[in-house]
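Descriptive analysis of the structure
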Amino acid sequence: MNKEHISALVEAQREHFATGVTRSLPARRAALTGLELWITEHETDIRAALAQDLGKSGFEAYATEVFVVLSEIRHARAHLKSWMRPRRVPTPIVHFLAGSKIYPDPLGVALIMSPWNYPFQLTLAPLVAALAAGNCAVIKPSAYSPATSRIIARMIGELFDPSRVAVVEGGRAENQALLDVSWDKICFTGSVAVGRVIMEAASKHLTPVTLELGGKSPCLVDETADIKLAARRIAWGKFLNSGQTCVAPDYLYVHESVKDQLMAGIVENIKKFYGDDPLTSESFSHLVNEKHFDRVCALMQGEHVVAGGRSDRATLRIEPTVLDGITWDSPIMQEEIFGPVLPVMTYTDIEPVVAEISARPHPLATYIFTGRKVRERALLERLRFGGGCINDTIVHLATTHLPFGGVGGSGMGAYHGKVGFDTFTHYKGVLKKSNLLDIPLRYPPYKDSGIALLRHL
């Protein structure tokens, strides 16, 4: 689809939005219900597409993709009426005989650009928010997950007129054509490098953006943590989707006194999860393509492998791998790994650790394993990150009551639940003044005697 076709599509959506039909509560609920019914009826096809693109098992595909989207739909539909209701706010006495309200107003026509690692969830969750807020939307799925892209296009084509929701498939040419058009909102999930391109393009039209990026998300384990439980939860979170999770623990910082126990526990859990040969495990996903497979393999070269390390280019699988002897100067610490490789560093004093992490771009997630509430509070106050967990990994994304978003280098804005509704909504402030009284103080000619009155209001 070229720029002319995309411009025509966006213009059709603007005309449709201008009719006001997307704003009503029944229209919004109907759109959400249609999505839910289609997903539940075609769940097998969705899971098959995710297996084809990423080798996801049926359970992983449902738990991390389908279930999350259905939860967002059901939560939004249940709370939509209250979210849409205008909210009365106080009015200062200086505006005597007036009332003030905030009206939730849909932004208009939104562009949703999604990544390949969770291609169903990270496309549909923002769409749920956009529809709940009363917008039209154009979706651009990743070309790296073609099977999922096709089923999303099929779903949207069967459910919506293109003037309400449309899908644009393709690669870089289509991405550029989409970015040349003016939007009322852009929501992008992906890499930091592409995020910069999105923001630069959006700035030309003064388009507001929500950027969900990534970065090197740390996992800290201190000497008071429940090591057995930490090992299991870290191994699960790191190697889920073969490490291709934007909020996966990118590296591990563990207190020297519990390092050996923790690493032994992680290795033990890798075997429990994926068996003696993870390269053939049906529970272990594969890398998305050869480009990313080669990149992750290159990051492991020359490092001390404690566990794993084998790979199979034919199946795009790399074993869950644990590396020891890592420093901040190691090549693997220079970029986000986005693969099933866990570098491990140790510490004895938490202060240098906090300083090292704080000196780098703020990560999308941070995970803290500790049994000390004082340390938990201190680290939460001192470390800046998008979101995270205490004594767990990843699962903060699986709740509609917590925002998902980054800060600084890991992004801006957030969605999920009510926060997602807010992301695609403009809150319009309106003051309604009575005609019964009109105080002359504000009108010229001005008198300094009025200053004393204002000072006391």
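Coordinates for the structure precede this section.
Figured I'd write up the structure that's included with this text. None of these values were measured; they are calculated from a predicted model.

**A closer look at a nonpolar patch on the surface**
Taken together, I93, V94, F96, L97, L436, L437, I439, L441, L453, L454 and L457 make up a surface patch of nonpolar side chains, about 1000 Å² in accessible area. Considering the arrangement of structural elements, one finds L454 in helix α15 (residues 449-455). L454 sits in the partly exposed class, given a relative accessible area of 47%.

**Side note on the pattern of salt bridges**
Applying the stated criterion across every chain yields a total of 24 salt bridges. For the salt bridge of E335 with R295, the shortest nitrogen-to-oxygen distance reads 3.2 Å. Of this pair, E335 sits in the loop between β13 (321-324) and β14 (341-347) while R295 is found in helix α11 (residues 290-300), placing the two residues 40 residues apart along the sequence. Between D422 and K418 there is a salt bridge whose closest N-O contact spans 2.8 Å.

**Observations concerning the layout of surface pockets**
Size it by volume and the largest pocket reaches roughly 1500 Å³. The wall of the largest pocket is formed by 50 residues, among which G190, S191, V192, A193 and V194 lie closest to the centre. Looking at the lining of the largest pocket, the elements with two or more residues in it are α7 (172-179), β6 (185-189), α8 (192-203), α11 and α12 (350-358). Within the lining of the largest pocket, the residues separate by chemical class into 23 nonpolar, 17 polar and 10 charged.

**Observations concerning the sheet that holds strand β16 (residues 387-390)**
Read from one edge of the open sheet, seven strands run β10-β13-β14-β9-β8-β15-β16, paired in mixed fashion. Each edge of the open sheet is held by one strand with a lone partner, namely β10 (304-307) and β16. Across the sheet, the axes of successive neighbouring strands diverge by a mean angle of 25°, strand direction being ignored. Summarising the sheet, strand β8 (residues 218-221) and strand β9 (residues 251-255) pair through four bridges and their orientation is parallel. Residue pairing for β9: P218 is matched across the bridge by Y251.

**Some details on helix α10 (residues 259-274)**
End to end, α10 covers 22 Å across 16 residues, agreeing with the expected 22 Å (1.5 Å per residue, within 8%). For α10, every residue scored as buried is listed here: K259, L262, M263, G265, I266, N269, I270 and Y274. Viewed end-on, α10 has its buried residues packed into an arc of 160°, placing them on one side of the element. In α10, the exposed positions angled more than 90 degrees off the buried face are occupied by D260, K271 and K272. Against β8, α9 (227-239), β9, β10, β13 and β14 lie the buried residues of α10.

**Examining the environment of S410**
In this fold, S410 is placed in the loop between β17 (404-405) and β18 (411-412). If near-sequence neighbours (up to four positions away) are discounted, S410 is found in contact with L211, E212, L213, G214, H362, P363 and L364. Engagement of the side chain of S410 in a polar contact is seen with the backbone oxygen of P363, the distance being 3.3 Å.

**Observations regarding unusual backbone geometry**
Looking along the chain, the bond that leaves P444 and enters P445 is cis, with omega of 0°. With respect to the secondary-structure elements, P445 resides in the loop between β20 (425-433) and α15. Even without being a glycine, N241 presents a positive backbone phi close to 55°. By secondary structure assignment, the location of N241 is in the loop between α9 and β9. Take N241: its relative accessible area is 0%, and that puts it in the buried class.

**Overview of the packing of α9 against α10**
In contact at an axis separation of 8 Å, α9 and α10 are set at 55° when each is read in the N-to-C sense. Considering their axes alone, α9 and α10 lie oblique with respect to each other. For the pair α9 and α10, the crossing hand works out as right-handed. Contacts between α9 and α10 involve I227, A230, A231, R232, I234, A235, W236 and F239 on the former and, on the latter, Q261, L262, G265, I266, N269, I270, F273 and Y274. Counted by class, the contact of α9 with α10 contains 12 nonpolar, three polar and one charged residues.

The rules behind these values
Residues numbered from 1 in each chain as written. Predicted model: local features only at pLDDT ≥ 70, side-chain atom pairs only at ≥ 80, totals over all residues. Heavy atoms only, no water. Patch = residues over 30% accessible without salt bridge, like charges linked within 9 Å, V, L, I, M, F, W, Y side chains within 5 Å. Areas by Shrake-Rupley, 256 points an atom, 1.4 Å probe, with all protein chains shown as cover. Salt bridge = Lys/Arg side-chain N within 4 Å of Asp/Glu carboxyl O. Helix = DSSP H or I, 4+ residues; strand = E, 2+ residues; numbered from the N terminus. Buried < 20%, exposed > 50% of the residue type's maximum accessible area, 1.4 Å probe, protein only. 1 Å grid on protein atoms, 1.4 Å probe; cavity = no way out; pocket = protein on both sides within 12 Å on 5 of 7 lines; lining within 4 Å. Points joined across faces, edges and corners; volume = space filled by probe spheres on them. Nonpolar A, V, L, I, M, F, W, Y, C, P; charged D, E, K, R; others polar. Pairing = 2+ DSSP bridges. Axes fitted to C-alpha atoms, helices over the stretch in contact; angles between N-to-C directions. Expected span 1.5 Å × (residues − 1). Arc of directions from axis to C-beta. Contact = heavy atoms within 4.5 Å. Polar contact = N/O pair within 3.5 Å; in protein donor to acceptor, adjacent residues only side chain to side chain. Parallel < 35°, antiparallel > 145°, perpendicular 65-115°, else oblique. Left-handed = near helix turned anticlockwise from the far one by under 90°.

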